[in-house]
Amino acid sequence: MGLTRGVPARDVVIFTRLFATMIGAGLPLVQSLNILGRQTENRSFRRVIRRMLGDLESGDTLSGAMGRHGRVFSELSVSLVAAGEAAGALDTIMERLADFLEKHDNLGRKVRAALIYPAMIFAVTIPAVAILLVFVIPTFESMFASAGVPLPLPTRMVIGASGVVQRYWWVLLGAVPVLAMLVRHAHGTSGGRLLMDRLLLAVPLLGDLMRKAAVSRFTRTLGTLVASGVSILQGLEVTARTAGNRVIHDAVMRSRAAIERGETIARPLEDSGAFTPMVVQMVEVGEQTGALDEMLERVADFYEQEVDTALEAVIAMVEPVMIVVLGVVVGGMIVAMYLPIFEMITAVG
């Protein structure tokens, strides 16, 4: 489920659900797309639907029409639709795809909601600290210089930080986009992305949350593909590309290579260290019993609940931590500047 210019993921989810409902009700593909194209409010998405409609009228398949718009429809969606067309069960596959996209979108919305509060705190803290360092601290510095009082270490540190910001503010502002470009470049390389994803997984609380979300996405995606009739090799390849984490991606691709050698999926997953013993055992049982899709769906249901619980824990912990950090930074600077005044009052008394 991707994004294109001006086409939000939520619009794709709604489109898929409505499309699945229409097909399930017996409406032809061309008529269903025509209806959806007229009622879609997003202009970019409306153009995509019209192009798909033209492709279908020219004799192309639905999966082929969707595959020409990779920024809107993910490889997973195209693979599922192709499997549904081959099996003659497009209505069932579209319903399954709609369910998957809705669950994936809900998970993404919860994660984004959890990040709103920390982002707001940072948006308040950074301007507040900048105003103190640029406008307030210099006033205190001039007053202390005229009074000739010795300054305690915390006060000297704050005044020093103020001087650095005033003299090199252009360097600090320029460092932000440069750092962002370096991170983006590193994330674009195979080794850099692997290192960054490993570091993220090692972060307390956040790493555990990301691991559970990645495992949930992996098991849900692979379970949906296998249950829809996609071959295990193709399913693993698609799942690896949609994993969202290089560590998970590499583990899944090693599992795919193991199957090509005649081995099982479970062993490479266990060797990667990215999956818990429960996931490995469930996959192994699914392979042995021929119910891999069912086992993967059960694991996905479990880890989606785990992600919800972990999100609640992170949110509950982040809020007080961010408030404490804000209080320590801003309050500490203010206290540091009043320390010499307190000492002068004490000396006079």
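Whatever comes next refers back to the structure up there.
Here's what I pulled together on the structure shown here.

Cut-offs and rules
Residues numbered from 1 in each chain as written. Predicted model: local features only at pLDDT ≥ 70, side-chain atom pairs only at ≥ 80, totals over all residues. Heavy atoms only, no water. Helix = DSSP H or I, 4+ residues; strand = E, 2+ residues; numbered from the N terminus. Buried < 20%, exposed > 50% of the residue type's maximum accessible area, 1.4 Å probe, protein only. Contact = heavy atoms within 4.5 Å. Patch = residues over 30% accessible without salt bridge, like charges linked within 9 Å, V, L, I, M, F, W, Y side chains within 5 Å. Areas by Shrake-Rupley, 256 points an atom, 1.4 Å probe, with all protein chains shown as cover. Salt bridge = Lys/Arg side-chain N within 4 Å of Asp/Glu carboxyl O. Expected span 1.5 Å × (residues − 1). Polar contact = N/O pair within 3.5 Å; in protein donor to acceptor, adjacent residues only side chain to side chain. Axes fitted to C-alpha atoms, helices over the stretch in contact; angles between N-to-C directions. Parallel < 35°, antiparallel > 145°, perpendicular 65-115°, else oblique. Left-handed = near helix turned anticlockwise from the far one by under 90°. Nonpolar A, V, L, I, M, F, W, Y, C, P; charged D, E, K, R; others polar.

1. Topic: the overall build of the protein chain
Part 1: Helix and strand counts for the protein chain come out as 14 helices and 0 strands.
Part 2: Dimensions of the protein chain, computed from C-alpha atoms along their principal axes, come out at roughly 90 × 50 × 35 Å.
Part 3: The buried share of the protein chain, reckoned over its 349 residues, is 39%.
Part 4: In the protein chain, 61% of the contacts between residues at least 6 apart in sequence involve partners at least 24 apart.

2. Things to note about the environment of Met94
Part 1: Among the structural elements, Met94 can be located in helix α6 (residues 90-147).
Part 2: Met94 sits 226 residues away from Pro320 along the chain, and the two C-alpha atoms are 43 Å apart.
Part 3: Discounting residues that sit within four places of it in the chain, Met94 has contacts with Thr16, Phe19, Ala20, Ile23 and Val81.

3. Let's talk about a nonpolar patch on the surface
Part 1: Residues Val164, Tyr168, Trp169, Trp170, Val171 and Leu173 make up a contiguous nonpolar surface patch of roughly 640 Å² in combined accessible area.
Part 2: Relative to the helices and strands, Leu173 is located in helix α7 (residues 153-188).

4. Describing helix α1 (residues 9-24)
Part 1: Across its 16 residues, α1 extends 23 Å between first and last C-alpha, which sits within 8% of the 22 Å expected from 1.5 Å per residue.
Part 2: Next to the buried residues of α1 lie α2 (29-39), α3 (43-57), α4 (62-67) and α6.
Part 3: Once α1 finishes, Gly26 follows within two positions and takes phi at roughly 100 degrees, a positive value.

5. Some words on the side chain of Ser79
Part 1: Within the element layout of this structure, Ser79 appears in helix α5 (residues 75-87).
Part 2: Since its relative accessible area comes to 9%, Ser79 is described here as buried.
Part 3: Within the structure, the side chain of Ser79 is placed 2.9 Å from the backbone oxygen of Glu75, a separation counted as a polar contact.
Part 4: Among residues more than four places away in sequence, those in contact with Ser79 are Leu225, Val230, Gln234 and Val238.

6. Notes on the packing of helix α10 (residues 232-241) against helix α11 (residues 246-260)
Part 1: Look at α10 against α11: their axes get within 8 Å of each other, and the N-to-C directions meet at 165 degrees. Comparing their axes, α11 and α10 come out roughly antiparallel. α11 is crossed by α10, and the crossing has left-handed handedness. Taking contact as the criterion, the partners of Ile232, Leu233, Leu236, Glu237, Ala240 and Arg241 in α10 are, on α11, His249, Val252, Met253, Ser255, Arg256, Ile259 and Glu260.
Part 2: Class assignment of the residues belonging to the contact of α10 with α11 gives a composition of 7 nonpolar, 2 polar and 4 charged.

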